[in-house]
Amino acid sequence: MFRAVADVFRMVGGALATVVTLPFRLVARLLGGASRSTR
């Protein structure tokens, strides 16, 4: 029982982490590309 609940929380946490970090990764990639093109 507890293992199943822990697995669910782990899945939800992983999905949340992915959704939260995706925009930051896109912004970092855009900024990195812009800084590279300006140099």
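Reading the values: the criteria
Residues numbered from 1 in each chain as written. Predicted model: local features only at pLDDT ≥ 70, side-chain atom pairs only at ≥ 80, totals over all residues. Heavy atoms only, no water. Helix = DSSP H or I, 4+ residues; strand = E, 2+ residues; numbered from the N terminus. Buried < 20%, exposed > 50% of the residue type's maximum accessible area, 1.4 Å probe, protein only. Areas by Shrake-Rupley, 256 points an atom, 1.4 Å probe, with all protein chains shown as cover. UniProt positions renumbered as here; feature names shortened; annotations may be inferred. Salt bridge = Lys/Arg side-chain N within 4 Å of Asp/Glu carboxyl O.

## Some details on the overall build of the protein
A count of helical and extended segments in the protein gives 1 helix and 0 strands. Across its three principal axes, the protein shows a C-alpha extent of roughly 55 × 10 × 5 Å. Every one of the 39 residues in the protein was classed for burial, and the buried ones make up 3%. Counting every atom, the protein has about 3800 Å² of accessible surface; 73% of that belongs to carbon and sulfur.

## Quick look at the UniProt feature "transmembrane region" (unreviewed entry) in the protein
When the UniProt feature table is mapped onto this chain, "transmembrane region" (unreviewed entry) is found at residues 12-32. Across residues 12-32, helical content stands at 100% and strand content at 0%; the span's end C-alpha atoms are separated by 30 Å.

## Description of the pattern of salt bridges
Per the counting criterion, the structure on display carries 1 salt bridge. As a salt-bridge pair, Asp7 and Arg10 come within 3.2 Å of each other at their nearest N and O atoms. With a gap of 3 residues between them, Asp7 and Arg10 both fall in helix α1 (residues 2-38), about one helical turn apart. By relative accessible area, Asp7 is classed as partly exposed at 33%.

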